[in-house]
Structures are given as C-alpha cells and as structure tokens.
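Structure assessment
Here are the chains, one letter per residue:
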Amino acid sequence: MSTIAWTEDNNRFHADWHSENGTPAPKTVTVADDTLSADHAFRRIRAGESLLWRGDYHNGRQLLQALGRRADRRPAKQAPTDLGALYQRERARKRTRAGVLGKVLICLDAANELDLRRAPDVRAACTAAYGRADGARIVTFAELLGVLGAQRWHEQGIQVPALGARIHPGYGVFAPTRGEYVDLVADAPLDPEVRTAFDLGTGTGVLAVLLAQRGVSEIVATDINPRALRCAADNAQRLGWSDRIAVTGPALYPPGRADLVVCNPPWLPGDPTSDLERGVYDRDQSMLREFAHGLRAHLTPHGEGWLVLSDLAELLGLRPPEEIARLLDDAGLHVMGKLTTRPRHPRASDRDDPLAAARTAETTTLWRLRAR
C-alpha cells in the first residue's frame, strides 16, 4: 500500500493512499482551505499539485463543482460529426475532468471519520466501501462523494417495475437503472420445464431474482467482482429468494449445466478503471466471447441461452455491425429468435448529450440461443 506525506503547521504527516481506480499516490501534496479560490486551485492542480482539503465540507463540494466547470471548457474548434470521434472526445474529456477532480483529497481517520467543518457522518458509508482501517487514509474528495451516493442508493434501493420490488445496489456494483434489459428478461418466453439457470455477471442479482420470481427453482449467479457477489447475495436474502439463488465466483461459468443461461455483459468494448466500470466496459470483449464459446458446454440438451446486449457499440463504431452474429455462429450457436426494445432512460431523450444521436437510435436485444 502506498503512503502520502505532507507538511501541515510545520509538522510532517503520513497516511495510507487508497484509490478505487488504481491511480498512483500523488507525489506533491499541499494543504488547502476556504481561502483558496477556484482559479488558484485550478492553476495549482495544472502545475502538478494535489490539494488536501482542510476547509469547510460544503465549500469543498463547491470547489469541486467549480473545478469541474473549468476542466469541461472545450476549445473553440468545431466538434467532430462522426459518432465514433465524438465518443472518443467525450471519453477524453471525462478522463481530463476526473484527473482534475482527483487532485482534491480528504483524510479519513482510523475510525473512518472525516474531520471537516459541517461534514456529514461518513463512517458507515466508508466502512461499507473500504472496510475498517488500521490508521488514517487519504482518498479523493470526488471518490468520497461517490461512496456517500452509493450508500444512499443502497439504503433506499431502486424500484424495479418488472420485479415489483426494490433492488439495493452496493458500492462498486452497477445498478439496474436501465429497466429495458430487465423487461426483456421478464418478457422472454420461458419454458415451464426450465428448472435450473445460470445468471452470468449477476451484479446486483436483479436477473437472478427475476428468474426466481418466474418459477426457476435453482439459480446459480456468478460474478468476478467480490462486491457484486456480496450485493447479489444480500438482495436474494432481502427479497426472500436465497433458497433458490446460490451466489458464487469469480469464474464466469459455474460447474455443470443448466436449462437456461442468462448473460447481460458490459455493452461497450473498453478498459474499465474501477469495479463500477466493469458493468459498462468489457476489455477485448472477453466476457462476451467467454459466454459465447462456453455456452454449448454448459447447456442441458434442450437448454437455451439468453444474451442481452445493446447495439450502442455498433452505433459508435466500436464494434462491426455483423460481429455478434459471426461470434455466435463461430461458437456453434443457433439464433432461435430475438426480442428488442428501445431505451427509456433519461439520457436517451437528452438533446444536450453530445452522443444523443446514438442514444436515441440505440436498440437493446435479447438473443435466444441454442447449441447447433
């Protein structure tokens, strides 16, 4: 574990460094408080400093917002019209923004408390996300806000209409805020003879719970993310289905075969930078390929696979239009049929989104597959 050193009130201090996205520990750390203007903070960050915030908590949040606006300033040159180029520009902008905001740091003590004026009680949220500490640790202010937001979601839960119930996401676990993929699994024809199912990449466990509600008696839910495994087990327990749902990992496929294998892999090729981004980006489409090439060996003789996937990657030029069909054919799979739906999430109708043209054209498909 890396440590950070800084000077404060003529004394030298040290603390452990923690970063969920694996950012290296900053080398130059100076103390900042309410006397620091956003312009001056931005210049210091651009010069290579990281700022350990010692001012008022709410003023620190306002500073982050001001730094974000400065980081978002785009050059006056004309934006590209190609959707792929727009996507790459947006990713670069977000990386730049995250890099700037990630230079504002806070210090948690050994009890996961935050000693800032007007700071909320962060102990429960930080302990849930990070575990108990052996001593003081430094995290970015932006990451702390994400931890607190995730704790609120976990406590309140997300209403999933197809379930008629709330799913409680955990920190670092992709939340089922896009209901269309859940609706596809709810509406897909399910043979009443299906008794066993695998839910691959279960995340919060929402699809495993849905299959249990639909009458599947034995479900194995898998994930490579330990936080997702804990989250899925918690949701199965909360909703009364732990007798039907077994949660295991970190392999994609569990041993054995099932009558139904469901997989909703990350929809975009790319490198995830955190546990949460693993629900969005699939490096080299490895999960998608492992699902396709492993399906035949894990289906019962008349078993069926359901692949739920958006075509956003095709619309953004990140994947050739016929690649999915070729992949499934190469894996010896027969496409029995498809169910499709259009997005209903707020970003799909946000005309200010630079990628609005792709999001409004996006289609999500459930591929029904059998071994050839």
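The name an unreviewed UniProt entry assigns to the protein is Ribosomal protein L11 methyltransferase PrmA, from the organism Nocardia ignorata.

Next up on the list: the overall build of the protein. In terms of helices and strands, the protein carries 12 helices and 17 strands. Taken over the C-alpha trace, the protein has a radius of gyration of 23 Å; the compact-globule value for 372 residues is 21 Å, and the two agree within 12%. In terms of its C-alpha atoms, the protein occupies a principal-axis envelope of roughly 75 × 50 × 35 Å. A total of 372 residues make up the protein; the buried ones form 50% of that total. Taking the intrachain contacts of the protein between residues at least 6 apart in sequence as the baseline, contacts between residues at least 24 apart amount to 68%.

Tracing the backbone through its elements, the reader meets Arg359 in helix H12 (residues 356–361). In this structure Arg359 comes out as buried when scored by relative accessible area, which is 10%. Measuring from C-alpha to C-alpha, the distance between Arg359 and Asp311 comes to 9.8 Å, with 48 residues separating the pair along the chain.

Another aspect to go through is the sheet that holds strand E3 (residues 29–32). As summarised here, the arrangement of the 6 strands in space is E1-E2-E6-E5-E4-E3, forming an open sheet in which the pairing is mixed. Strands at the two margins of the open sheet, each flanked by one partner only, are strand E1 (3–8) and E3. Each adjacent strand pair in this sheet contributes to an overall mean axis angle of 45 degrees, direction not counted. By the bridge criterion, 2 bridges tie strand E4 (residues 50–53) to strand E5 (residues 104–108) in an arrangement that is parallel. Bridge pairing in E5 places Leu52 opposite Leu105.

Further remarks concern the nonpolar core. Burial of nonpolar side chains together is a common tendency in soluble globular proteins. Ranked by internal contacts, the top residues of the largest apolar core, which has 52 residues, are Val185, Leu211, Val261, Phe291 and Trp306. Looking at this core element by element, the count peaks at 7 residues for helix H7 (residues 206–213). With residues up to four places along the chain from it excluded, the contact list for Leu211 reads Val185, Ala197, Val216, Ile219, Leu260, Val262 and Trp306.

Glancing now at the environment of Tyr57. Considering the arrangement of structural elements, one finds Tyr57 in helix H2 (residues 57–72). Looking at Tyr57, the relative accessible area reads 3%, which means it is buried. Counting along the chain gives 57 residues from Tyr57 to Leu114, while the straight-line C-alpha distance between them is 9.2 Å. Among all residues touching Tyr57, those that are not within four sequence positions of it are Leu114, Leu116, Arg117, Arg118, Ala119, Pro120, Phe141, Leu144, Leu145 and Leu148.

If you walk across this open sheet you meet the 7 strands as E11-E10-E9-E12-E15-E17-E16, and the pairing is mixed. Looking at which strands have only one partner, the edges of the open sheet turn out to be strand E11 (245–248) and strand E16 (333–341). Strand after strand, the sheet turns through a mean of 20 degrees between neighbouring axes, direction not considered. Of the pairings in the sheet, the one linking strand E9 (residues 196–200) to strand E10 (residues 218–222) comprises 5 bridges and is parallel in character. Each bridged residue has a counterpart across the sheet, and for Asp199 the counterpart in E10 is Ala221. Its contacts with the sheet place helix H6 (residues 179–187) against strand E12 (258–263), strand E15 (299–310), E16 and strand E17 (364–371), and it is angled at close to 40 degrees to E17. Lying on the sheet, H7 is in contact with E9, E10, E11, E12 and E15; it crosses E10 at an angle near 175 degrees.

Once that is clear, we can look at helix H11 (residues 323–330). The set of residues buried in H11 consists of Glu323, Ile324, Leu327 and Leu328. With its buried residues spanning 130 degrees around the axis, H11 presents them on a single face. Of the surrounding secondary structure, the elements contacted by the buried residues of H11 are helix H9 (286–295), E15, helix H10 (312–315), E16 and E17.

This part takes up the pairing of E15. Counting buried residues in E15 gives 9 out of 12 residues, a clear majority hidden from the surface. Direction of pairing for E12 relative to E15: parallel, over a ladder of 5 bridges. Counted as the bridge partner of Leu260 is Glu304 from E15. Where E15 meets E17, 6 bridges bridge the pair, whose relative direction is antiparallel. When the sheet's bridge partners are listed, Gly305 is paired in E17 with Leu369.

The next point concerns the packing of aromatic side chains. Taken as a whole, this structure holds 2 aromatic pairs when the rule is applied. On the numbers, 5.8 Å between centres and 20 degrees between planes, the contact of Trp6 with Phe13 is stacked. According to the relative accessible area criterion, Trp6 is buried, its value standing at 3%. The interplanar angle of 35 degrees and the centroid separation of 5.5 Å between the aromatic rings of Tyr57 and Phe141 together place this pair among those described as tilted. Here Tyr57 is found in helix H2, whereas its partner Phe141 is found in helix H5 (residues 141–156), with 84 residues between them in sequence. Taking the relative accessible area as the measure of exposure, Phe141 reaches 0% and is therefore buried. A cation sits over an aromatic face here: Arg91 above Tyr281, 4.1 Å from the ring centre. Against the face of Trp367 rests Lys338, its NZ or CZ located 4.1 Å from the ring centre.

Where helix H1 (residues 38–46) meets H2, the axes come as close as 10 Å, and the angle between the chain directions of the two elements is 65 degrees. The handedness of the crossing between H1 and H2 is right-handed. Residues Ala38, Asp39, Ala41, Phe42 and Ile45 of H1 form the contact with H2, whose participating residues are Leu63, Ala66, Leu67, Arg70 and Ala71. Across the contact of H1 with H2, the residue classes break down as 8 nonpolar, no polar and 2 charged.

Conventions used here
Residues numbered from 1 in each chain as written. Predicted model: local features only at pLDDT ≥ 70, side-chain atom pairs only at ≥ 80, totals over all residues. Heavy atoms only, no water. Helix = DSSP H or I, 4+ residues; strand = E, 2+ residues; numbered from the N terminus. Rg over C-alpha atoms; globule rule 2.2 N^0.38 Å. Buried < 20%, exposed > 50% of the residue type's maximum accessible area, 1.4 Å probe, protein only. Contact = heavy atoms within 4.5 Å. Pairing = 2+ DSSP bridges. Axes fitted to C-alpha atoms, helices over the stretch in contact; angles between N-to-C directions. Core = buried A, V, L, I, M, F, W, Y, C linked by side-chain atoms within 4.5 Å. Arc of directions from axis to C-beta. Phe/Tyr/Trp six-rings, centres within 6.5 Å; stacked < 30°, edge-to-face > 60°. Lys NZ or Arg CZ within 6 Å of the ring centre and 35° of its normal. Left-handed = near helix turned anticlockwise from the far one by under 90°. Nonpolar A, V, L, I, M, F, W, Y, C, P; charged D, E, K, R; others polar.

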